[in-house]
Protein chains: 2
Amino acid sequence: MEKRDQLYEGKAKVLFSTDDENCLIQYFKDDATAFNGVKKGTIADKGVLNNLISARLMFLLETVGIPVHFIKRLNDREQLVRRVEIVPVEVVVRNRVAGSMAKRLGIKEGVVLPRPVVEFYLKSDELDDPLITLDHIDVFNWASHEEVELMIEMAHRVNDVLLGYYANIGIHLVDYKLEFGRLNSDMDTLVLADEISPDSCRLWDMKTGKKLDKDRFRRDLGGVEEAYQEIVDRMGVSE
Amino acid sequence: MEKRDQLYEGKAKVLFSTDDENCLIQYFKDDATAFNGVKKGTIADKGVLNNLISARLMFLLETVGIPVHFIKRLNDREQLVRRVEIVPVEVVVRNRVAGSMAKRLGIKEGVVLPRPVVEFYLKSDELDDPLITLDHIDVFNWASHEEVELMIEMAHRVNDVLLGYYANIGIHLVDYKLEFGRLNSDMDTLVLADEISPDSCRLWDMKTGKKLDKDRFRRDLGGVEEAYQEIVDRMGVSE
(Lines give C-alpha, C1' and ligand atoms only; values in the text may rest on other atoms or scores of the structure.)
Protein backbone atom coordinates (compact mmCIF):
# COMPACT_ATOMS: atom_id res chain seq x y z
CA MET A 1 0.00 0.00 0.00
CA GLU A 2 1.54 3.28 -1.07
CA LYS A 3 0.95 6.42 1.03
CA ARG A 4 0.07 9.44 -1.10
CA ASP A 5 -1.45 12.87 -0.38
CA GLN A 6 -2.58 14.33 2.90
CA LEU A 7 -6.36 14.67 2.59
CA TYR A 8 -7.36 16.03 5.96
CA GLU A 9 -5.80 17.11 9.23
CA GLY A 10 -8.00 17.03 12.29
CA LYS A 11 -7.31 17.82 15.94
CA ALA A 12 -5.80 14.41 16.74
CA LYS A 13 -5.37 12.63 13.43
CA VAL A 14 -4.27 13.06 9.82
CA LEU A 15 -5.68 11.16 6.86
CA PHE A 16 -3.65 10.25 3.76
CA SER A 17 -4.78 8.77 0.48
CA THR A 18 -3.20 5.57 -0.82
CA ASP A 19 -2.96 3.89 -4.22
CA ASP A 20 -6.30 2.20 -3.40
CA GLU A 21 -9.14 4.71 -3.75
CA ASN A 22 -11.11 2.90 -1.06
CA CYS A 23 -8.34 2.86 1.56
CA LEU A 24 -6.77 5.62 3.62
CA ILE A 25 -3.95 5.80 6.13
CA GLN A 26 -5.01 7.22 9.49
CA TYR A 27 -2.09 8.83 11.36
CA PHE A 28 -2.36 9.48 15.13
CA LYS A 29 -0.86 12.75 16.43
CA ASP A 30 0.18 13.65 19.96
CA ASP A 31 -1.84 16.87 19.81
CA ALA A 32 -4.59 17.19 22.37
CA THR A 33 -7.39 19.72 22.40
CA ALA A 34 -10.34 20.25 24.69
CA PHE A 35 -13.39 22.48 24.89
CA ASN A 36 -13.66 22.61 21.12
CA GLY A 37 -10.04 23.61 20.60
CA VAL A 38 -9.94 26.37 23.23
CA LYS A 39 -7.43 24.36 25.25
CA LYS A 40 -4.45 22.95 23.35
CA GLY A 41 -1.43 20.85 24.21
CA THR A 42 0.41 17.68 23.41
CA ILE A 43 0.49 14.41 25.28
CA ALA A 44 3.78 12.58 24.76
CA ASP A 45 3.30 9.42 22.69
CA LYS A 46 -0.48 9.75 22.81
CA GLY A 47 -0.63 8.96 19.11
CA VAL A 48 1.29 5.74 19.59
CA LEU A 49 -0.86 4.66 22.53
CA ASN A 50 -4.20 5.57 20.93
CA ASN A 51 -3.19 3.73 17.75
CA LEU A 52 -2.59 0.59 19.83
CA ILE A 53 -5.76 0.97 21.91
CA SER A 54 -8.10 1.82 19.04
CA ALA A 55 -6.69 -0.95 16.83
CA ARG A 56 -7.36 -3.55 19.50
CA LEU A 57 -10.89 -2.35 20.26
CA MET A 58 -11.85 -2.05 16.58
CA PHE A 59 -10.50 -5.58 16.00
CA LEU A 60 -12.66 -6.92 18.86
CA LEU A 61 -15.74 -5.13 17.57
CA GLU A 62 -15.22 -6.49 14.07
CA THR A 63 -14.85 -9.95 15.57
CA VAL A 64 -18.35 -9.79 17.07
CA GLY A 65 -19.75 -8.67 13.71
CA ILE A 66 -19.80 -4.89 13.97
CA PRO A 67 -18.57 -3.40 10.68
CA VAL A 68 -15.60 -1.05 11.20
CA HIS A 69 -13.47 1.11 8.93
CA PHE A 70 -10.30 -0.27 10.57
CA ILE A 71 -8.31 -2.75 8.48
CA LYS A 72 -4.94 -3.10 10.21
CA ARG A 73 -2.29 -1.30 12.18
CA LEU A 74 0.67 -0.44 9.95
CA ASN A 75 3.20 0.96 12.39
CA ASP A 76 3.54 3.02 15.59
CA ARG A 77 1.30 5.85 14.46
CA GLU A 78 -0.55 4.64 11.41
CA GLN A 79 -3.38 2.32 10.57
CA LEU A 80 -4.95 1.35 7.30
CA VAL A 81 -8.68 2.11 7.20
CA ARG A 82 -11.52 1.93 4.71
CA ARG A 83 -12.32 5.28 3.16
CA VAL A 84 -15.67 6.60 4.40
CA GLU A 85 -17.84 9.67 4.28
CA ILE A 86 -18.29 10.55 7.93
CA VAL A 87 -21.93 10.90 9.05
CA PRO A 88 -22.11 14.46 10.46
CA VAL A 89 -23.36 13.40 13.87
CA GLU A 90 -21.45 12.18 16.90
CA VAL A 91 -22.98 9.30 18.80
CA VAL A 92 -22.40 9.45 22.54
CA VAL A 93 -23.08 6.41 24.70
CA ARG A 94 -23.40 6.93 28.44
CA ASN A 95 -23.43 4.34 31.23
CA ARG A 96 -22.93 6.86 34.02
CA VAL A 97 -23.58 10.57 34.29
CA ALA A 98 -20.48 12.69 33.63
CA GLY A 99 -19.23 15.69 31.72
CA SER A 100 -21.74 17.63 29.65
CA MET A 101 -24.67 15.48 30.81
CA ALA A 102 -23.93 16.30 34.46
CA LYS A 103 -23.75 19.99 33.64
CA ARG A 104 -26.75 20.06 31.29
CA LEU A 105 -29.12 18.16 33.55
CA GLY A 106 -27.76 19.17 36.94
CA ILE A 107 -27.00 15.59 37.98
CA LYS A 108 -23.97 14.52 40.01
CA GLU A 109 -21.06 12.94 38.12
CA GLY A 110 -20.88 9.20 38.64
CA VAL A 111 -24.59 8.47 38.96
CA VAL A 112 -25.20 5.11 37.28
CA LEU A 113 -27.88 5.32 34.58
CA PRO A 114 -30.63 2.68 34.82
CA ARG A 115 -29.78 1.75 31.24
CA PRO A 116 -27.26 2.99 28.67
CA VAL A 117 -28.29 6.24 27.00
CA VAL A 118 -27.42 7.04 23.38
CA GLU A 119 -27.25 10.71 22.43
CA PHE A 120 -26.58 12.45 19.14
CA TYR A 121 -24.60 15.64 18.69
CA LEU A 122 -24.16 17.63 15.52
CA LYS A 123 -20.52 17.60 14.36
CA SER A 124 -19.86 21.34 14.17
CA ASP A 125 -16.91 23.13 15.73
CA GLU A 126 -18.59 26.42 14.94
CA LEU A 127 -21.72 25.49 16.89
CA ASP A 128 -19.78 23.66 19.61
CA ASP A 129 -21.25 20.23 18.76
CA PRO A 130 -24.82 20.85 20.03
CA LEU A 131 -27.03 18.06 21.34
CA ILE A 132 -29.65 17.19 18.74
CA THR A 133 -32.78 15.05 18.68
CA LEU A 134 -33.78 12.27 16.30
CA ASP A 135 -36.27 14.68 14.71
CA HIS A 136 -33.47 17.17 13.97
CA ILE A 137 -31.43 14.46 12.22
CA ASP A 138 -34.47 13.55 10.18
CA VAL A 139 -35.73 16.97 9.10
CA PHE A 140 -32.26 18.30 8.28
CA ASN A 141 -31.24 15.09 6.51
CA TRP A 142 -28.04 14.55 8.48
CA ALA A 143 -28.63 10.80 8.30
CA SER A 144 -31.42 8.59 7.00
CA HIS A 145 -33.94 6.99 9.30
CA GLU A 146 -32.34 3.60 8.58
CA GLU A 147 -28.87 4.93 9.40
CA VAL A 148 -30.09 6.36 12.72
CA GLU A 149 -31.71 3.04 13.65
CA LEU A 150 -28.51 1.23 12.72
CA MET A 151 -26.29 3.65 14.67
CA ILE A 152 -28.42 3.20 17.80
CA GLU A 153 -28.37 -0.58 17.42
CA MET A 154 -24.62 -0.68 16.79
CA ALA A 155 -23.96 1.73 19.65
CA HIS A 156 -25.72 -0.65 22.06
CA ARG A 157 -23.75 -3.63 20.73
CA VAL A 158 -20.46 -1.72 20.92
CA ASN A 159 -21.38 -0.80 24.47
CA ASP A 160 -21.86 -4.39 25.56
CA VAL A 161 -18.54 -5.42 24.05
CA LEU A 162 -16.64 -2.52 25.57
CA LEU A 163 -18.36 -2.67 28.99
CA GLY A 164 -17.35 -6.31 29.31
CA TYR A 165 -13.87 -5.74 27.96
CA TYR A 166 -13.13 -2.86 30.34
CA ALA A 167 -14.77 -4.54 33.35
CA ASN A 168 -12.35 -7.43 32.80
CA ILE A 169 -9.42 -5.05 33.31
CA GLY A 170 -10.97 -3.26 36.29
CA ILE A 171 -12.27 -0.18 34.51
CA HIS A 172 -15.69 1.50 34.46
CA LEU A 173 -16.61 2.59 30.95
CA VAL A 174 -18.43 5.81 31.88
CA ASP A 175 -19.20 7.27 28.45
CA TYR A 176 -17.68 7.66 25.00
CA LYS A 177 -18.16 9.11 21.55
CA LEU A 178 -18.51 7.10 18.37
CA GLU A 179 -18.43 8.21 14.76
CA PHE A 180 -19.85 6.34 11.82
CA GLY A 181 -19.11 6.56 8.11
CA ARG A 182 -20.58 5.48 4.79
CA LEU A 183 -18.13 3.27 2.86
CA ASN A 184 -16.66 4.99 -0.17
CA SER A 185 -17.02 1.68 -2.03
CA ASP A 186 -20.67 1.33 -1.03
CA MET A 187 -22.41 4.38 0.41
CA ASP A 188 -25.28 2.24 1.68
CA THR A 189 -22.98 0.49 4.14
CA LEU A 190 -22.47 2.16 7.48
CA VAL A 191 -19.36 1.29 9.50
CA LEU A 192 -17.87 2.39 12.79
CA ALA A 193 -15.08 4.89 12.00
CA ASP A 194 -12.67 7.35 13.65
CA GLU A 195 -11.13 5.90 16.82
CA ILE A 196 -12.01 4.55 20.25
CA SER A 197 -9.39 5.69 22.75
CA PRO A 198 -8.97 7.55 26.05
CA ASP A 199 -9.37 10.70 23.92
CA SER A 200 -12.98 9.77 23.21
CA CYS A 201 -13.92 7.70 26.31
CA ARG A 202 -14.25 8.30 30.03
CA LEU A 203 -12.53 5.44 31.84
CA TRP A 204 -12.51 5.25 35.63
CA ASP A 205 -10.54 2.75 37.68
CA MET A 206 -13.06 0.48 39.40
CA LYS A 207 -11.28 0.46 42.77
CA THR A 208 -9.98 4.00 43.13
CA GLY A 209 -12.24 5.93 40.75
CA LYS A 210 -9.09 7.41 39.20
CA LYS A 211 -9.70 8.94 35.79
CA LEU A 212 -7.70 7.22 33.05
CA ASP A 213 -8.71 9.37 30.11
CA LYS A 214 -8.57 12.82 28.53
CA ASP A 215 -10.35 14.39 31.50
CA ARG A 216 -6.86 14.40 33.13
CA PHE A 217 -5.87 16.84 30.37
CA ARG A 218 -9.17 18.77 30.27
CA ARG A 219 -9.22 19.29 34.03
CA ASP A 220 -5.47 19.72 34.58
CA LEU A 221 -5.24 16.65 36.81
CA GLY A 222 -1.69 15.76 35.75
CA GLY A 223 -0.39 12.29 34.92
CA VAL A 224 -1.99 12.32 31.49
CA GLU A 225 0.63 10.22 29.67
CA GLU A 226 0.71 7.77 32.58
CA ALA A 227 -3.05 7.29 32.42
CA TYR A 228 -2.99 6.46 28.70
CA GLN A 229 -0.02 4.13 29.32
CA GLU A 230 -1.95 2.46 32.16
CA ILE A 231 -4.79 1.64 29.75
CA VAL A 232 -2.32 0.15 27.26
CA ASP A 233 -0.67 -1.88 30.03
CA ARG A 234 -3.95 -3.25 31.37
CA MET A 235 -5.06 -4.08 27.83
CA GLY A 236 -1.77 -5.88 27.31
CA VAL A 237 -1.38 -4.41 23.85
CA SER A 238 2.01 -3.65 22.33
CA GLU A 239 3.89 -4.05 19.10
CA MET B 1 -66.55 29.10 43.21
CA GLU B 2 -64.76 30.77 46.10
CA LYS B 3 -61.19 32.04 45.65
CA ARG B 4 -58.94 31.08 48.54
CA ASP B 5 -55.13 30.98 49.05
CA GLN B 6 -52.38 31.91 46.64
CA LEU B 7 -50.58 28.64 45.88
CA TYR B 8 -47.94 29.71 43.42
CA GLU B 9 -46.66 32.81 41.69
CA GLY B 10 -44.81 32.34 38.43
CA LYS B 11 -43.31 34.80 35.99
CA ALA B 12 -46.57 35.58 34.22
CA LYS B 13 -49.33 33.98 36.27
CA VAL B 14 -50.55 33.35 39.79
CA LEU B 15 -52.51 30.30 40.94
CA PHE B 16 -55.11 30.36 43.71
CA SER B 17 -56.92 27.50 45.39
CA THR B 18 -60.72 27.42 45.49
CA ASP B 19 -63.31 25.63 47.58
CA ASP B 20 -63.08 22.75 45.10
CA GLU B 21 -59.84 20.80 45.67
CA ASN B 22 -59.68 19.91 41.97
CA CYS B 23 -60.08 23.46 40.67
CA LEU B 24 -57.76 26.46 40.71
CA ILE B 25 -58.01 30.05 39.60
CA GLN B 26 -55.30 31.08 37.14
CA TYR B 27 -54.60 34.83 37.24
CA PHE B 28 -52.74 36.51 34.32
CA LYS B 29 -50.20 39.20 35.23
CA ASP B 30 -48.77 41.96 33.05
CA ASP B 31 -45.22 41.00 34.03
CA ALA B 32 -42.98 39.91 31.20
CA THR B 33 -39.64 38.16 31.49
CA ALA B 34 -37.22 36.87 28.92
CA PHE B 35 -33.95 34.94 28.82
CA ASN B 36 -34.91 33.01 31.94
CA GLY B 37 -35.79 36.10 33.97
CA VAL B 38 -32.66 38.10 33.09
CA LYS B 39 -34.81 40.66 31.26
CA LYS B 40 -37.86 41.94 33.10
CA GLY B 41 -40.63 44.38 32.35
CA THR B 42 -44.35 44.78 32.11
CA ILE B 43 -46.57 44.86 29.07
CA ALA B 44 -49.68 46.94 29.68
CA ASP B 45 -52.81 44.79 29.78
CA LYS B 46 -50.89 41.71 28.66
CA GLY B 47 -52.67 39.67 31.32
CA VAL B 48 -56.07 40.70 30.03
CA LEU B 49 -55.15 39.95 26.41
CA ASN B 50 -53.47 36.61 27.14
CA ASN B 51 -56.44 35.52 29.23
CA LEU B 52 -58.71 36.19 26.23
CA ILE B 53 -56.39 34.54 23.71
CA SER B 54 -55.57 31.47 25.76
CA ALA B 55 -59.20 30.93 26.75
CA ARG B 56 -60.29 30.94 23.11
CA LEU B 57 -57.52 28.59 21.95
CA MET B 58 -58.02 26.15 24.83
CA PHE B 59 -61.76 26.12 24.11
CA LEU B 60 -61.09 25.28 20.44
CA LEU B 61 -58.66 22.51 21.39
CA GLU B 62 -61.14 20.99 23.81
CA THR B 63 -63.76 21.11 21.07
CA VAL B 64 -61.67 18.86 18.84
CA GLY B 65 -61.16 16.42 21.69
CA ILE B 66 -57.86 17.46 23.22
CA PRO B 67 -58.17 17.38 27.02
CA VAL B 68 -57.28 20.74 28.60
CA HIS B 69 -57.06 22.07 32.13
CA PHE B 70 -59.07 25.16 31.13
CA ILE B 71 -62.68 25.24 32.33
CA LYS B 72 -63.85 28.81 31.78
CA ARG B 73 -62.84 32.44 31.79
CA LEU B 74 -64.07 34.14 34.97
CA ASN B 75 -63.20 37.78 34.38
CA ASP B 76 -60.59 40.06 32.77
CA ARG B 77 -57.59 38.37 34.32
CA GLU B 78 -58.79 35.07 35.72
CA GLN B 79 -59.81 31.70 34.46
CA LEU B 80 -60.99 28.59 36.24
CA VAL B 81 -58.79 25.60 35.52
CA ARG B 82 -58.52 21.98 36.62
CA ARG B 83 -55.82 21.44 39.20
CA VAL B 84 -52.89 19.51 37.76
CA GLU B 85 -49.39 18.39 38.61
CA ILE B 86 -47.30 19.92 35.83
CA VAL B 87 -45.11 17.43 33.95
CA PRO B 88 -41.57 18.83 34.37
CA VAL B 89 -40.86 19.07 30.65
CA GLU B 90 -41.75 21.78 28.19
CA VAL B 91 -42.96 20.62 24.80
CA VAL B 92 -41.91 22.89 21.94
CA VAL B 93 -43.52 22.52 18.52
CA ARG B 94 -41.77 24.11 15.58
CA ASN B 95 -43.09 24.71 12.06
CA ARG B 96 -40.28 27.08 11.06
CA VAL B 97 -36.77 27.59 12.35
CA ALA B 98 -36.49 30.46 14.84
CA GLY B 99 -35.08 31.41 18.22
CA SER B 100 -33.01 28.81 20.04
CA MET B 101 -33.24 26.31 17.16
CA ALA B 102 -31.71 28.81 14.75
CA LYS B 103 -28.91 29.52 17.20
CA ARG B 104 -28.31 25.90 18.24
CA LEU B 105 -28.22 24.46 14.75
CA GLY B 106 -26.87 27.44 12.82
CA ILE B 107 -29.90 27.65 10.54
CA LYS B 108 -31.45 30.88 9.31
CA GLU B 109 -34.62 32.08 11.06
CA GLY B 110 -37.70 31.54 8.95
CA VAL B 111 -36.65 28.34 7.18
CA VAL B 112 -39.76 26.18 6.84
CA LEU B 113 -39.30 22.71 8.34
CA PRO B 114 -40.30 19.82 6.06
CA ARG B 115 -42.58 18.66 8.86
CA PRO B 116 -43.40 19.92 12.37
CA VAL B 117 -40.73 19.10 14.93
CA VAL B 118 -41.55 18.38 18.57
CA GLU B 119 -38.80 19.03 21.10
CA PHE B 120 -38.64 18.51 24.85
CA TYR B 121 -36.92 20.82 27.32
CA LEU B 122 -36.42 20.22 31.01
CA LYS B 123 -38.34 22.78 33.11
CA SER B 124 -35.50 24.19 35.19
CA ASP B 125 -34.75 27.88 35.65
CA GLU B 126 -31.49 26.92 37.31
CA LEU B 127 -30.33 24.92 34.27
CA ASP B 128 -31.85 27.37 31.78
CA ASP B 129 -34.40 24.86 30.43
CA PRO B 130 -31.98 22.56 28.56
CA LEU B 131 -32.99 20.58 25.48
CA ILE B 132 -33.44 16.92 26.42
CA THR B 133 -33.94 13.69 24.49
CA LEU B 134 -36.62 11.03 24.89
CA ASP B 135 -34.01 8.80 26.54
CA HIS B 136 -33.32 11.47 29.17
CA ILE B 137 -37.02 11.71 30.00
CA ASP B 138 -37.16 7.95 30.34
CA VAL B 139 -34.07 7.26 32.44
CA PHE B 140 -34.65 10.17 34.80
CA ASN B 141 -38.37 9.42 35.11
CA TRP B 142 -39.57 12.89 34.21
CA ALA B 143 -42.55 11.35 32.45
CA SER B 144 -43.65 7.82 31.63
CA HIS B 145 -43.22 6.32 28.19
CA GLU B 146 -47.00 6.49 27.72
CA GLU B 147 -47.10 10.15 28.73
CA VAL B 148 -44.34 11.01 26.26
CA GLU B 149 -46.16 9.22 23.45
CA LEU B 150 -49.35 11.05 24.38
CA MET B 151 -47.63 14.44 24.58
CA ILE B 152 -46.14 13.97 21.10
CA GLU B 153 -49.48 12.86 19.68
CA MET B 154 -51.35 15.73 21.34
CA ALA B 155 -48.69 18.24 20.27
CA HIS B 156 -49.20 17.25 16.64
CA ARG B 157 -52.99 17.55 16.96
CA VAL B 158 -52.70 20.91 18.73
CA ASN B 159 -50.41 22.02 15.92
CA ASP B 160 -52.91 21.17 13.20
CA VAL B 161 -55.68 23.04 15.01
CA LEU B 162 -53.54 26.11 15.68
CA LEU B 163 -51.88 26.19 12.25
CA GLY B 164 -55.29 26.25 10.61
CA TYR B 165 -56.72 28.73 13.07
CA TYR B 166 -53.85 31.20 12.66
CA ALA B 167 -53.64 30.75 8.87
CA ASN B 168 -57.29 31.82 8.76
CA ILE B 169 -56.36 35.16 10.34
CA GLY B 170 -53.24 35.67 8.21
CA ILE B 171 -50.63 34.55 10.72
CA HIS B 172 -47.78 32.06 10.47
CA LEU B 173 -47.56 29.92 13.60
CA VAL B 174 -43.76 29.62 13.75
CA ASP B 175 -43.26 27.76 17.03
CA TYR B 176 -44.66 27.59 20.53
CA LYS B 177 -44.32 25.96 23.92
CA LEU B 178 -46.86 23.67 25.53
CA GLU B 179 -47.09 22.36 29.06
CA PHE B 180 -48.99 19.30 30.19
CA GLY B 181 -50.28 18.27 33.59
CA ARG B 182 -51.62 15.22 35.38
CA LEU B 183 -55.14 15.85 36.73
CA ASN B 184 -55.27 16.16 40.50
CA SER B 185 -58.49 14.14 40.41
CA ASP B 186 -56.92 11.40 38.27
CA MET B 187 -53.14 11.37 37.96
CA ASP B 188 -53.33 8.97 35.00
CA THR B 189 -55.03 11.61 32.88
CA LEU B 190 -52.79 14.01 31.03
CA VAL B 191 -54.22 17.36 29.93
CA LEU B 192 -52.88 20.43 28.18
CA ALA B 193 -52.19 23.07 30.85
CA ASP B 194 -50.62 26.51 31.38
CA GLU B 195 -51.51 28.92 28.55
CA ILE B 196 -51.20 29.40 24.81
CA SER B 197 -50.57 33.06 24.08
CA PRO B 198 -48.14 35.42 22.32
CA ASP B 199 -45.96 34.91 25.42
CA SER B 200 -45.42 31.28 24.46
CA CYS B 201 -45.81 31.37 20.65
CA ARG B 202 -43.98 32.97 17.73
CA LEU B 203 -46.60 34.53 15.44
CA TRP B 204 -45.57 36.24 12.21
CA ASP B 205 -47.89 38.22 9.97
CA MET B 206 -48.20 36.30 6.70
CA LYS B 207 -47.92 39.34 4.44
CA THR B 208 -45.35 41.52 6.19
CA GLY B 209 -43.50 39.01 8.35
CA LYS B 210 -44.07 41.35 11.32
CA LYS B 211 -43.59 39.65 14.66
CA LEU B 212 -46.77 39.67 16.76
CA ASP B 213 -45.42 37.99 19.88
CA LYS B 214 -43.06 38.25 22.84
CA ASP B 215 -40.03 38.52 20.55
CA ARG B 216 -40.99 42.22 20.28
CA PHE B 217 -40.21 42.43 24.01
CA ARG B 218 -37.21 40.06 23.97
CA ARG B 219 -35.56 41.89 21.07
CA ASP B 220 -36.63 45.43 21.98
CA LEU B 221 -38.62 45.88 18.77
CA GLY B 222 -41.22 48.17 20.35
CA GLY B 223 -44.98 48.01 19.83
CA VAL B 224 -45.35 45.07 22.19
CA GLU B 225 -48.82 45.92 23.54
CA GLU B 226 -50.02 46.73 20.02
CA ALA B 227 -48.86 43.30 18.76
CA TYR B 228 -50.78 41.45 21.48
CA GLN B 229 -53.82 43.65 20.81
CA GLU B 230 -53.52 42.89 17.09
CA ILE B 231 -53.76 39.17 17.82
CA VAL B 232 -56.86 39.73 19.97
CA ASP B 233 -58.42 41.89 17.24
CA ARG B 234 -57.76 39.37 14.49
CA MET B 235 -59.10 36.60 16.68
CA GLY B 236 -62.19 38.68 17.31
CA VAL B 237 -62.22 37.80 20.98
CA SER B 238 -63.52 40.16 23.63
CA GLU B 239 -65.65 40.19 26.74
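Residues numbered from 1 in each chain as written. Chains lettered and ligands numbered in written order. Predicted model: local features only at pLDDT ≥ 70, side-chain atom pairs only at ≥ 80, totals over all residues. Heavy atoms only, no water.

Within chain A one finds 6 helices and 14 strands. Principal axes of the C-alpha set define a box for chain A whose edges measure 50 × 45 × 35 Å. In chain A, which comprises 239 residues, the proportion classed as buried is 55%. Taking as baseline every contact in chain A between residues at least 6 positions apart, the subset at least 24 positions apart corresponds to 57%. When the accessible surface of chain A is summed, it comes to about 10,400 Å², and 48% of that surface belongs to carbon and sulfur atoms. (Helix = DSSP H or I, 4+ residues; strand = E, 2+ residues; numbered from the N terminus. Buried < 20%, exposed > 50% of the residue type's maximum accessible area, 1.4 Å probe, protein only. Contact = heavy atoms within 4.5 Å. Areas by Shrake-Rupley, 256 points an atom, 1.4 Å probe, with all protein chains shown as cover.)

Turning next to the nonpolar core. Met151(A), Tyr166(A) and Leu178(A) are the most contacted members of the largest nonpolar core, which totals 62 residues. Apart from the residues lying within four places of it in its own chain, the contact partners of Tyr166(A) are Ile53(A), Leu57(A), Ile171(A), Leu173(A), Leu203(A), Ile231(A) and Met235(A). In terms of nonpolar packing, the next biggest core, distinct from the first, is built from 61 residues, Ile107(A), Phe120(B), Ile137(B) and Val232(B) among them. (Core = buried A, V, L, I, M, F, W, Y, C linked by side-chain atoms within 4.5 Å.)

Take helix 1 (residues 46-63) of chain B next. Because each turn of an α-helix spans 3.6 residues, side chains separated by three or four positions end up pointing in the same direction. Taking 1.5 Å per residue, 18 residues should reach 26 Å; helix 1 of chain B reaches 25 Å between its end C-alpha atoms and fits that length. With its phi angle positive at about 100°, Gly65(B) sits one or two positions after the end of helix 1 of chain B. (Expected span 1.5 Å × (residues − 1).)

A few words on the packing of helix 1 (residues 46-63) of chain A against helix 4 (residues 145-168) of chain A. All names here are of chain A. For the pair helix 1 and helix 4, the least separation of the axes is 10 Å and the interaxial angle reads 125°. As far as their axial angle goes, helix 4 and helix 1 are oblique. Considering only the axes of helix 1 and helix 4, their crossing is right-handed. Of the residues in helix 4, those in contact with Ile53, Arg56, Leu57, Leu60 and Leu61 of helix 1 are Val158, Val161, Leu162, Tyr165 and Tyr166. In terms of residue class, the contact of helix 1 with helix 4 is built from 9 nonpolar, no polar and 1 charged. (Axes fitted to C-alpha atoms, helices over the stretch in contact; angles between N-to-C directions. Parallel < 35°, antiparallel > 145°, perpendicular 65-115°, else oblique. Left-handed = near helix turned anticlockwise from the far one by under 90°. Nonpolar A, V, L, I, M, F, W, Y, C, P; charged D, E, K, R; others polar.)

Before going further, it helps to spend a moment on helix 6 (residues 224-235) of chain B. Residues and elements named next belong to chain B. Over its 12 residues, helix 6 runs 17 Å from end to end, which matches the ideal 16 Å to within 8%, given 1.5 Å per residue. All buried positions along helix 6 are accounted for by Val224, Ala227, Tyr228, Ile231, Val232 and Met235. The buried residues of helix 6 all sit within an arc of 140° when viewed along its axis, so they share a single face. Exposed and facing more than 90 degrees away from the buried side of helix 6 are Glu226 and Asp233. Those residues of helix 6 that are buried lie in contact with helix 1, helix 4 (145-168), strand 12 (171-183), strand 14 (201-205) and helix 5 (215-218). Of the residues flanking the end of helix 6, it is Gly236, one or two places downstream, whose phi is positive at about 70°. (Arc of directions from axis to C-beta.)

Our focus in this paragraph is the packing of aromatic side chains. For the structure shown, the criterion picks out 4 aromatic pairs over all chains. Aromatic side chains Tyr165(B) and Tyr166(B) sit 5.7 Å apart centroid to centroid with 80° between the ring planes, which places their arrangement in the edge-to-face category. A single burial state applies to Tyr165(B) and to Tyr166(B), both of which are buried. Over the aromatic face of Phe16(A) sits the side chain of Lys3(A), whose NZ or CZ is 4.2 Å from the ring centroid. Directly above the ring of Phe217(B) sits Lys39(B), whose terminal nitrogen or CZ lies 5.3 Å from the centroid. (Phe/Tyr/Trp six-rings, centres within 6.5 Å; stacked < 30°, edge-to-face > 60°. Lys NZ or Arg CZ within 6 Å of the ring centre and 35° of its normal.)

Before going further, it helps to examine the domain arrangement of chain A. Interface size is often expressed as the accessible area that is lost when the parts come together. All names here are of chain A. What the domain assignment lists for chain A is domain 1 (3-84) and domain 2 (85-223). Here the C-alpha centroids of domain 1 and domain 2 sit 17 Å apart. In this complex, domain 1 contributes 34 residues to the contact, which on the side of domain 2 involves 30 residues. Scanning the region where domain 1 abuts domain 2 turns up 5 salt bridges. In this structure, Lys39 and Asp220 form a salt bridge, with 2.5 Å as the shortest nitrogen-oxygen distance. Where domain 1 packs against domain 2, one counts 21 residue pairs in polar contact (both at pLDDT 80 or more). Taken together, the elements giving at least two residues each to the side of domain 1 that touches domain 2 come down to strand 3 (23-28), strand 4 (31-34), strand 5 (39-42) and helix 1. The element contributing the most residues to the side of domain 1 that touches domain 2 is helix 1, with 9 residues. (Domains from an automatic or database assignment. Salt bridge = Lys/Arg side-chain N within 4 Å of Asp/Glu carboxyl O. Polar contact = N/O pair within 3.5 Å; in protein donor to acceptor, adjacent residues only side chain to side chain.)

This part covers the interface of chain A and chain B. Taken residue by residue, the interface counts 25 residues in chain A and 25 residues in chain B. Buried area between chain A and chain B, summed over both chains or domains, comes out near 2,100 Å², and the portion from carbon and sulfur atoms is 66%. Inspection of the chain A/chain B interface yields 4 salt bridges. For Asp138(B), the salt bridge goes to Arg115(A), with nearest N and O atoms at 2.7 Å. (Buried area = accessible area lost by both parts, 1.4 Å probe.)

Quick look at the side chain of Lys177(B) now. Residue and element names in this part refer to chain B. Here Lys177 lies in strand 12. Given a relative accessible area of 19%, Lys177 falls into the buried group. With near-sequence residues (within four places) excluded, Lys177 lies in contact with Glu90, Val91, Val92, Asp194, Glu195 and Ser200.

Phi is positive for Asn36(A), which is not a glycine, with a value near 55°. Within the secondary structure, Asn36(A) sits in the loop between strand 4 and strand 5. By relative accessible area, Asn36(A) is classed as partly exposed at 28%. Its identity as a non-glycine residue notwithstanding, Asp220(B) has a phi of 55°, on the positive side. Secondary-structure assignment places Asp220(B) in the loop between helix 5 and helix 6.

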